[in-house]
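Structural overview
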Amino acid sequence: MKEYKVAMQENHVVSKVVCNCCGKEIPLVSDGVWEEYFHAEKSWGYFSKEDGRQDSFDLCQGCYEKIVESFKIKLN
Ligand SMILES: [Zn+2]
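It should be emphasised that the depicted structure is a prediction, and the values quoted were computed from it without experimental measurement.

Rules and cut-offs
- Residues numbered from 1 in each chain as written.
- Predicted model: local features only at pLDDT ≥ 70, side-chain atom pairs only at ≥ 80, totals over all residues.
- Helix = DSSP H or I, 4+ residues; strand = E, 2+ residues; numbered from the N terminus.
- Buried ≥ 20, exposed ≤ 12 C-beta atoms within 10 Å, placed from the backbone.
- Contact = placed C-beta atoms within 7 Å.
- Pairing = 2+ DSSP bridges.
- pLDDT = per-residue confidence, 0-100.

This paragraph deals with the overall build of the chain. A count of helical and extended segments in the chain gives one helix and six strands. Secondary structure of the chain in N-to-C order comes out as β-β-β-β-β-β-α. When each of the 76 residues of the chain is scored for burial, the buried share is 5%. In the chain, of all internal contacts separated by at least 6 residues, the share reaching a separation of at least 24 is 31%.

Written as C-alpha cells, this is what we have:
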C-alpha cells in the first residue's frame, strides 16, 4: 500500500510504502528509494467474480517469503 504526497506541479510522489500483510513500513534506503519489496497489481477481467476491479498490494520481504513458503509448489 502506498501513501502519496502531492508535490509541486501536482505530481503524486510516493511518501510511504506499507506492507499490506503485516502493516510495517518498508524502510527507505535513500531519498525515494525503498528496501526491496514485492508489488502486485491485477485488473480483474470480465469473466471473474471481481469483474472490473483493480487490486494492488505491497509485501515486505519477510511476508513475501512466508507466503511463498506456504506454496505447495515451491518457486525455483
Ligand atoms: Zn510484511
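This part is about the environment of Val-14. Along the chain, Val-14 falls in strand S2 (residues 12-17). For Val-14, a count of 11 C-beta atoms within 10 Å gives the class exposed. As a C-alpha pair, Val-14 and Lys-2 span 12 residues in sequence and 6.4 Å in three-dimensional space. Those residues in contact with Val-14 that lie beyond four places of it in its chain are Lys-2 and Tyr-4.

Let us now look at the pairing of strand S5 (residues 38-43). Counting buried residues in S5 gives zero out of six residues, a small share hidden from the surface. Pairing of S5 with strand S6 (residues 54-59), which is carried by six bridges, proceeds in the antiparallel orientation. The residue bridging Ala-40 from the neighbouring strand is Phe-57, located in S6.

Quick look at the environment of Glu-65 now. Looking at where Glu-65 falls in the secondary structure, it is placed in helix H1 (residues 61-69). Spatially, the C-alpha atoms of Glu-65 and Phe-38 are 9.9 Å apart, while their sequence positions differ by 27 residues.

Interpreting fine coordinate detail is not advised for predicted regions of low pLDDT. Chain-level pLDDT for the chain is 88 on average; 92% of the residues reach the 70-or-more range. Between the elements of the chain, mean pLDDT differs from a low of 75, seen in strand S1 (residues 2-6), to a high of 97, seen in H1.

Okay, the environment of Asp-51 next. Structurally, the position occupied by Asp-51 is in the loop between S5 and S6. Judged by the 9 C-beta atoms lying within 10 Å of it, Asp-51 falls in the exposed class. In sequence terms Asp-51 and Glu-25 are 26 residues apart; their C-alpha atoms lie 30 Å from each other.

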